[in-house]
Amino acid sequence: MNYRLSDILIDEGRLHRRVKEIAEEVSREYQGKELIVVGVLKGAVLFLSDLIRELDVGVCVKIDFMAVSSYGASTKSSGVVRIVKDLDTDIKGKDVLLVEDIVDSGLTLAYLVKLLRERDPKSLKTCVLLDKPDRRQVQVPVDYRGFSIPDEFVVGYGLDYAGLWRNLPAIFVLRTEA
Ligand code: 5GP
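As a starting point, this report considers the structure included with it.

## Considering the sheet that holds strand 8 (residues 154-155)
Taking strand neighbours across the sheet as the criterion, the three strands line up as 1-9-8 in an open arrangement whose pairing is antiparallel. The strands lining the two open edges of the sheet, one partner per strand, are strand 1 (2-10) and strand 8.

Below is the structure:
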């Protein structure tokens, strides 16, 4: 199967404006507190790095990362979530913000939320850049959401297909070629 990029779904300007808005909400919520921002590798890296730079200096930010198994070279979720890299930080008693690139079936985020809750953080909220609500299989709390998007496979701004296209500054739909 061959793939090609379609037109831009979300351009750089819209992305950056929305990231700034989310950062303002997060800054209000965690003003004067220490916040551990947990990024899910690798897709959330660009979003996380833009988001934390927009946070108010009144929020004391630490970052950490988890890596979970991805789709590999497929555009459909296997539903199987495997931890490839765990946190370096003990989150017991801490305020934690889990940052994900996209919530699709919800299986990955639901699994991570359950796993992190078991570690007894003071609070745990989720922040997702993109949401495909039509594809949800399990209910999962999304506290901060960038954009709701249609059921299309997207790449760019951290999101990949088979490891490619993460570097694109905007979000594109990936289409199959006849
Ligand atoms: P879920 O477990 O919610 O079905 O899927 C979450 C993970 O699937 C995301 O972290 C992401 O890695 C991948 N994913 C889901 N939809 C897309 C998409 O449209 N594009 C890309 N690049 N990855 C996706």
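## So, the site of the ligand
Near the ligand there are 17 residues, and of these S105, G106, T108, V154 and D160 occur at the shortest range. D104 places a main-chain nitrogen or oxygen 2.8 Å from an oxygen atom of the ligand. Here the ligand has 510 Å² of accessible area as a free molecule, and 93% of this is covered by the chains. Ranked by residues supplied to the shell around the ligand, first place goes to strand 5 (residues 95-103) with four residues.

## Quick look at the sheet that holds strand 7 (residues 144-148)
An order of 4-3-2-5-6-7 is seen for the six strands of this open sheet, with the pairing classed as mixed. This sheet does not close on itself; its edge strands, each paired only once, are strand 4 (83-85) and strand 7. Across this sheet, the average inter-strand angle for adjacent strands is 30°, counted without regard to direction. Against the sheet, helix 3 (residues 107-117) makes contact with strand 2 (34-41), strand 3 (60-68), strand 4, strand 5 and strand 6 (123-131), and its axis sits at roughly 165° relative to strand 5, the strand it touches most.

So, how was this worked out
- Residues numbered from 1 in each chain as written.
- Predicted model: local features only at pLDDT ≥ 70, side-chain atom pairs only at ≥ 80, totals over all residues.
- Heavy atoms only, no water.
- Pairing = 2+ DSSP bridges.
- Helix = DSSP H or I, 4+ residues; strand = E, 2+ residues; numbered from the N terminus.
- Near = heavy atom within 4 Å.
- Polar contact = N/O pair within 3.5 Å; in protein donor to acceptor, adjacent residues only side chain to side chain.
- Areas by Shrake-Rupley, 256 points an atom, 1.4 Å probe, with all protein chains shown as cover.
- Axes fitted to C-alpha atoms, helices over the stretch in contact; angles between N-to-C directions.
- Contact = heavy atoms within 4.5 Å.

Nothing here speaks to function; it is geometry throughout.
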